[in-house]
Amino acid sequence: MSNLVAIAYDDVDTAQRMLGTIGDLVKQHTLSVDDAVIVEHQQDGKIKLRQPSMTGVGAASGALWGGLIGMLFLAPVVGMAIGAAAGAAGGAASDYGVDDKFMKDLGEKLEPGGAAVIVLVKDATPDKVLPEISQYGGQVIQSSLSHDQEESLQTALDSRAAVAS
């Protein structure tokens with residue numbers, strides 16, 4: 001089961017850097033996520049969701065499977081093309097993870113100009129993840145973590161932000 005964690009920041013730039021770090025942690029296999037989104041409360045009052053695209057992931061996966069199937073039928077290029085197209089369509093059509101309405105409601109609570117990173121964490125290695133994400137500070141505004149886990153996360157965010165100041 002995944003845990004939801006939403007951390008608020010004063011600006012969207014910090015949230016984007018945090019999301020980049022999350023991507024790096026995923027590549028290092030120290031963090032596994034089901035979804036990661038930035039919700040921004042723009043100065044004009046509008047709420048904007050910035051969701052990484054799943055189209056590229058679907059296309060790459062589809063091309064791999066299409067190529068393998070194509071090799072079985074002696075037409076790997078055709079199989080890869082069909083698989084990539086099907087994978088891209090599937091990736092673009094799939095919208096799973098955090099509910100858009102929930103994210104927009106959460107964004108309404110942010111100060112104008114503020115942003116939050118919302119992540120569905122499937123698995124994590126806390127002793128490797130916390131030092132990386134805590135460098136940005138932030139305020140936990142929503143989570144499905146236990147009270148003790150949420151408190152530990154906020155303490156790490158607070159202590160690292162104080163060191164950076």
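As the structure is a prediction and not an experimental result, all values here were calculated from the model. (Residues numbered from 1 in each chain as written. Predicted model: local features only at pLDDT ≥ 70, side-chain atom pairs only at ≥ 80, totals over all residues. Heavy atoms only, no water.)

Student: How do you make sense of the pattern of salt bridges when you look at a structure like this?
Tutor: Side chains bearing opposite charge may pair, as long as their charged atoms lie close to each other. Scanning all chains against the criterion turns up three salt bridges. Between Glu40 and Arg50 there is a salt bridge whose closest N-O contact spans 2.7 Å. Residue Glu40 is located in strand β2 (residues 31-41), and its partner Arg50 is located in strand β3 (residues 47-50); the two are separated by 10 residues in the primary sequence. Judged by its relative accessible area of 26%, Arg50 falls in the partly exposed class. Note that Lys101 and Asp105 form a salt bridge whose closest N and O atoms lie 3.1 Å from each other. One end of the pair is Lys101 and the other is Asp105, both in helix α4 (residues 100-108) and four residues apart, which spans about a single turn. (Salt bridge = Lys/Arg side-chain N within 4 Å of Asp/Glu carboxyl O. Helix = DSSP H or I, 4+ residues; strand = E, 2+ residues; numbered from the N terminus. Buried < 20%, exposed > 50% of the residue type's maximum accessible area, 1.4 Å probe, protein only.)

Student: Help me understand the packing of helix α1 (residues 12-27) against helix α5 (residues 126-133) in this model?
Tutor: Axis separation between α1 and α5 bottoms out at 10 Å; the angle between their running directions is 155°. Judged by the angle between their axes, α1 and α5 are roughly antiparallel. You can see that α1 and α5 cross each other, and the crossing is right-handed. Across from Met18, Thr21 and Leu25 in α1, the residues of α5 making contact are Lys128, Val129, Glu132 and Ile133. Grouping the constituent residues of the contact of α1 with α5 by class yields four nonpolar, one polar and two charged. (Axes fitted to C-alpha atoms, helices over the stretch in contact; angles between N-to-C directions. Parallel < 35°, antiparallel > 145°, perpendicular 65-115°, else oblique. Left-handed = near helix turned anticlockwise from the far one by under 90°. Contact = heavy atoms within 4.5 Å. Nonpolar A, V, L, I, M, F, W, Y, C, P; charged D, E, K, R; others polar.)

Student: Before we go on, may I ask you to explain the confidence of the model for the protein chain in this structure?
Tutor: Atom-level detail of predicted coordinates should not be read off regions where pLDDT is low. A residue-level look at the protein chain finds 69% of positions with pLDDT of 70 or above and a mean pLDDT of 78. Highest mean pLDDT in the protein chain belongs to strand β1 (residues 3-9) (94); lowest belongs to helix α2 (residues 55-72) (48). Here residues 88-95 is modelled with pLDDT under 50, and outside its nearest four sequence neighbours on either side it reaches 10 contacts, counting other chains as well. (pLDDT = per-residue confidence, 0-100.)

Student: Looking at this structure, I do not really get the nonpolar core. What am I missing?
Tutor: Among soluble globular proteins, nonpolar side chains are generally buried collectively. Ranked by internal contacts, the top residues of the largest apolar core, which has 22 residues, are Ile7, Tyr9, Met18, Ile22, Ile38, Val117 and Leu153. Broken down by secondary-structure element, the contributors of at least two residues to this core are β1, α1, β2, β4 (115-124), α5 and α6 (147-164). Apart from residues no more than four positions distant in its own chain, Met18 is found in contact with Ile7, Tyr9, Val117, Ile133 and Tyr136. Residues Leu4, Ile47, Met103 and Ile118 belong to the second largest nonpolar core, which totals 13 residues. (Core = buried A, V, L, I, M, F, W, Y, C linked by side-chain atoms within 4.5 Å.)

Student: What am I meant to see in the environment of Ser134 here?
Tutor: With respect to the helices, strands and loops of the structure, Ser134 is situated in the loop between α5 and β5 (139-143). Using a relative accessible area of 3% as the deciding quantity, one classes Ser134 as buried. For the pair Ser134 and Met18, spaced 116 residues apart in sequence, the C-alpha separation works out to 9.1 Å. A polar contact of 3.4 Å, which involves the side chain of Ser134, links it to the backbone oxygen of Pro131. (Polar contact = N/O pair within 3.5 Å; in protein donor to acceptor, adjacent residues only side chain to side chain.)

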